[in-house]
Amino acid sequence: MEFVEVNEGIAKILVPRAERIYDAPVFYNPVMALNRDVSVLVARVLKPKKVLDALSATGVRGIRYALETPAGDIWLNDISGEAFNLILRNLRLNFGNAEREVGNGRAVLEGEKRIVINLGDANRLMAEKFRYFDLVDLDPFGSPVEFLDTALRSVKRRGVLAATATDTGVLCGAYRNACLRKYLAEPIRGELCHEAGLRILIGTVVRYAAKYDLGVDVLLAYYRDHYFRVFLRLKSGARKADRSLSRLGYLWQEGNGRFHYKRTFLPERTGAAGPMWLGPLKDGNFFESLWNELKAFQPAHRKTRPFLELLAKELDVPFFYDTHGLARRNGLEVKKVSTIIERLNGRGYSASRTHFSPTAIKTDAPFEVVLESLKEKS
Ligand SMILES: C[S@@+](CC[C@H](N)C(=O)[O-])C[C@H]1O[C@@H](n2cnc3c(N)ncnc32)[C@H](O)[C@@H]1O
C-alpha cells in the first residue's frame, strides 16, 4: 500500500493513495472533514471522558477526538486488519512516545491519554463494553441501523450517541422497500425528502431506544453533502422514553405544496410518510455553546463555519416551502428567497433560509400567506 500524509485539524494522517476514494483499501474522505469538525466541536462542548469511534478506518476521527477534545479514554475500532495496522501507524505518527502494548487484535497506548485500538466487529465490542462510553460515534458505510442496538447498550444511560447515515437514497425514498426494511418507515419523495429522511432516522433511534426505557433529546441533526448526521442525548427512564415516542408522527403533502404533519404513533391516513421525529432538530442552549466554542476552534474544512452559521439562523420548525416547487406547483413566477423572507417578516411572521435547500424557506406563516407572498407584485 502506498500512502500520502494529510493534515486534518491538528492531526497528521497517512491515507492510502488511490484514484477514487472508494477504491482505497482503507477509507478516507476529505469531504467528511466537516462532519469530523462538528463532531470534535460537540465533544469539546460536552467533554465526554470515554469515547468510542466504532468504525474507524484510518483512525482520523478518533485521533482528532484524542488530540482536539478533553476526552481521556479513547477507543478506535475497525473490522479490517489493514485499517487496524494503519490506525496504529497513525497513532504513532501523532503520539510518538506513548508506551504501548500490542497483541491479540488490540493495542493500548498509555500516555497523557489512554488510547485503545481494537480489531473486530463493532457490534461485538459494543456488546462487551456495556454502559461504558460517554460518547459513541457510528460513522459507517451506509446505514447505522445494524449497530444501533449494541450502541445503545454501550453508551452510558445519559450519554450521547452520534451517528452518520450515508444511505440518503434509502431515507429519501429512492429505494422505498429498503426504507421499509431498515427503518420500518415510509419515506416521502419530492422537496421534503431530505428533512423527512433525517427525521425518519431520528425516529428510528427513538423507537430502538424506547425498548431500553431510554428517551432521546436531539442536540443537533443535519443533512449535508451525501449524508445525515445526528447527535442524540439519551435520557434514562420509561417516562422519558414515552415522551420521546409521543414526538413521533407522520407527514403528507398536497399537490399544491401544502404540507401537514401530525404526532401520532400509528398512521391515521394512507399515503402518509413516517413514523418520523417531529420534535426540534437542535437544542438552543447546546447550539449556543457550540457557537461559542467555534470562536476558539480552527475548523479543518473551510465550509464548517459558514454551515454552522446557516444552522444557527435557521428557524427550527418542521418542514419548509421550496420556492421553486411552490411556484411550479401553482403556476407562479419564482421569486428570490430573500424577497419572500422580507415579505413574511413584514407580515409579522418568522422566516429563515434552511440548510436543506438553497431555494427553500422555513416559516411559521400559514400556507396561504406564503403563497400570497409569492404572488405579490414587486
Ligand atoms: C465509512 S468508513 C469509516 C470512516 C471514518 N469513521 C472516518 O471518519 O474517516 C467505515 C469503516 O467501517 C468498517 N466496518 C465495516 N463493518 C464493520 C463492523 N461490523 N465492525 C467494525 N468495523 C466495520 C470498515 O472497514 C470501514 O473502515
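Residues numbered from 1 in each chain as written. Predicted model: local features only at pLDDT ≥ 70, side-chain atom pairs only at ≥ 80, totals over all residues.

## Structural notes on the site of the ligand
Then, number 1: Taken together, 20 residues sit near the ligand, with L55, A57, I79, A122 and D139 positioned nearest.
Then, number 2: Contributing elements (two or more residues each) for the shell around the ligand: α2 (60-68) and β4 (73-78).
Then, number 3: Tallied by class, the residues present in the shell around the ligand amount to eleven nonpolar, four polar and five charged. (Near = placed C-beta within 6 Å. Helix = DSSP H or I, 4+ residues; strand = E, 2+ residues; numbered from the N terminus. Nonpolar A, V, L, I, M, F, W, Y, C, P; charged D, E, K, R; others polar.)

## Quick notes on the sheet that holds strand β12 (residues 248-253)
Then, number 1: Read from one edge of the open sheet, three strands run β13-β12-β14, paired in antiparallel fashion. Each edge of the sheet is formed by a strand with only one pairing partner; in this case those strands are β13 (259-263) and β14 (273-277). Each strand axis lies, on average, 30° off the axis of its neighbour in the sheet, ignoring direction.
Then, number 2: Two elements, β12 and β14, share three bridges in a ladder whose sense is antiparallel. Across the sheet, residue L251 finds its bridge partner in β14, namely A273.
Then, number 3: Across the sheet, helix α8 (residues 193-210) touches β12 and β14, and the angle it forms with β14 is around 65°. (Pairing = 2+ DSSP bridges. Axes fitted to C-alpha atoms, helices over the stretch in contact; angles between N-to-C directions. Contact = placed C-beta atoms within 7 Å.)

## Some remarks on the domain arrangement of the protein
Then, number 1: The domains assigned to the protein are domain 1 (3-290) and domain 2 (320-378).
Then, number 2: A separation of 33 Å is found between the C-alpha centroids of domain 1 and domain 2.
Then, number 3: Facing nine residues of domain 1, the contacting portion of domain 2 comprises eleven residues.
Then, number 4: Listing elements by their share of the side of domain 1 that touches domain 2, those giving two or more residues are α8 and β10 (214-224). (Domains from an automatic or database assignment.)

## Quick word on the sheet that holds strand β17 (residues 357-363)
Then, number 1: Taken together, three strands build an open sheet; the order of strands is β15-β17-β16 and the sheet is antiparallel. This sheet does not close on itself; its edge strands, each paired only once, are β15 (321-322) and β16 (351-354).

## Observations concerning the packing of helix α10 (residues 284-295) against helix α11 (residues 304-313)
Then, number 1: Following both chains from N to C, one finds α10 and α11 inclined at 150°, their axes separated by 11 Å at the closest point. The angle between α10 and α11 falls in the class roughly antiparallel. Classified by chirality, the crossing of α11 by α10 is left-handed. Across the interface between the two elements, F287, W291 and L294 of α10 pack against R305, L308 and A312 of α11. (Parallel < 35°, antiparallel > 145°, perpendicular 65-115°, else oblique. Left-handed = near helix turned anticlockwise from the far one by under 90°.)

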